[in-house]
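Residue-level structure breakdown
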Amino acid sequence: MYYRLKRKDFVAGKQDQGNKKAMKKLAWAGRPVGVIGSIAGEPVAWCAFAPREDFSRIENSRVHKRIDDEPVWSIPCFFVAKGFRNRGISVMMLEAIIRYARKNRIRIIEAYPLIPTKGKLPDAFAWVGFYKSFARAGFEIVDHASKNRPMVRFYT
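Anyway, here's the lowdown on the structure attached to this text. (Residues numbered from 1 in each chain as written. Predicted model: local features only at pLDDT ≥ 70, side-chain atom pairs only at ≥ 80, totals over all residues. Heavy atoms only, no water.)

**A word on the pattern of salt bridges**
What counts, and what does not: The salt bridge criterion pairs a side-chain nitrogen of Lys or Arg with a carboxyl oxygen of Asp or Glu, the two atoms within 4 Å. Helical segments are the DSSP runs of H or I of at least four residues, strand segments are the runs of E of at least two, and each set is numbered from the N terminus. Each residue is assigned to one of three classes by its accessible area relative to the maximum for its type, calculated with a 1.4 Å probe on protein chains only: buried under 20%, partly exposed between the two thresholds, exposed over 50%.
Scanning all chains against the criterion turns up 8 salt bridges. With a shortest N-O distance of 3.2 Å, Glu70 and Arg107 are connected by a salt bridge. One end of the pair, Glu70, is in the loop between helix H3 (56-59) and strand S4 (73-75); the other, Arg107, is in the loop between helix H4 (89-103) and strand S6 (108-111), with 37 residues separating them in the sequence. In this structure, the salt-bridge partner of Glu110 is Arg153, at a minimum N-O distance of 2.8 Å. Here Arg153 lies in strand S8 (residues 151-155) and Glu110 lies in strand S6, a separation of 43 residues in the sequence. For the residue pair Glu110 and Arg153, the accessibility class agrees, reading buried in each case. One continuous salt-bridge network, built from bridges that share partners, spans Arg52, Glu53, Glu59, Arg66, Asp68, Glu110 and Arg153.

Set out below in structure tokens:
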């Protein structure tokens, strides 16, 4: 819910599982919230994925301003369970999102991944995904307003 809410609302939602309840409410209402990746029925990965306008923090970002008026769907955050990292799951998730987008006539997928500027980063800093995974899945940089968080797109 981080990208969907104002900071104060997100912080308030940390109490009594408010953010989890809000996400569940969106999902049960049939709103797009993201994609879950599983292996043998066990959930191992998550990508938030919805129309850009659903993510108010991106829409109001000074760094990741819209570069055109085209309708896009965004991937603002990414998670792969610790025991499943470094196995190519990020790329598989992105490829699944591309297939979903093509099937549902979503023409542009946009994301804001991290290009590490130092050696190995703690996992907690990788929640937006790594640029190298997006590049391997065929995404291209379309805006470099942020040195280490470019805007990337995939055109289906």
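**A short note on the packing of aromatic side chains**
The criterion, for reference: Aromatic contacts are taken between Phe, Tyr and Trp rings whose centres are within 6.5 Å, Trp giving its six-membered ring; a plane angle under 30 degrees counts as stacked, one over 60 as edge-to-face, and the others as tilted. Comment: the charge-over-ring label is applied if NZ (Lys) or CZ (Arg) is within 6 Å of the ring centre and within 35 degrees of the ring normal.
Within the structure shown, the criterion is met by 9 aromatic pairs. Residues Tyr2 and Trp127 carry aromatic rings whose centres are separated by 5.7 Å and whose planes lie at 80° to one another, so their mutual orientation is edge-to-face. In this pair, Tyr2 is assigned in the segment before helix H1 (7-12) and Trp127 in the loop between S6 and helix H5 (131-136), connecting sequence segments 125 residues apart. Taking relative accessible area as the criterion, Trp127 reaches 35% and is therefore assigned partly exposed. Three or more aromatic residues link up through ring pairs in this structure, and these residues are Tyr2, Tyr3, Phe10 and Trp127. In this structure, Arg57 packs its charged tip against the face of Tyr2, placed 3.8 Å from the ring centre.

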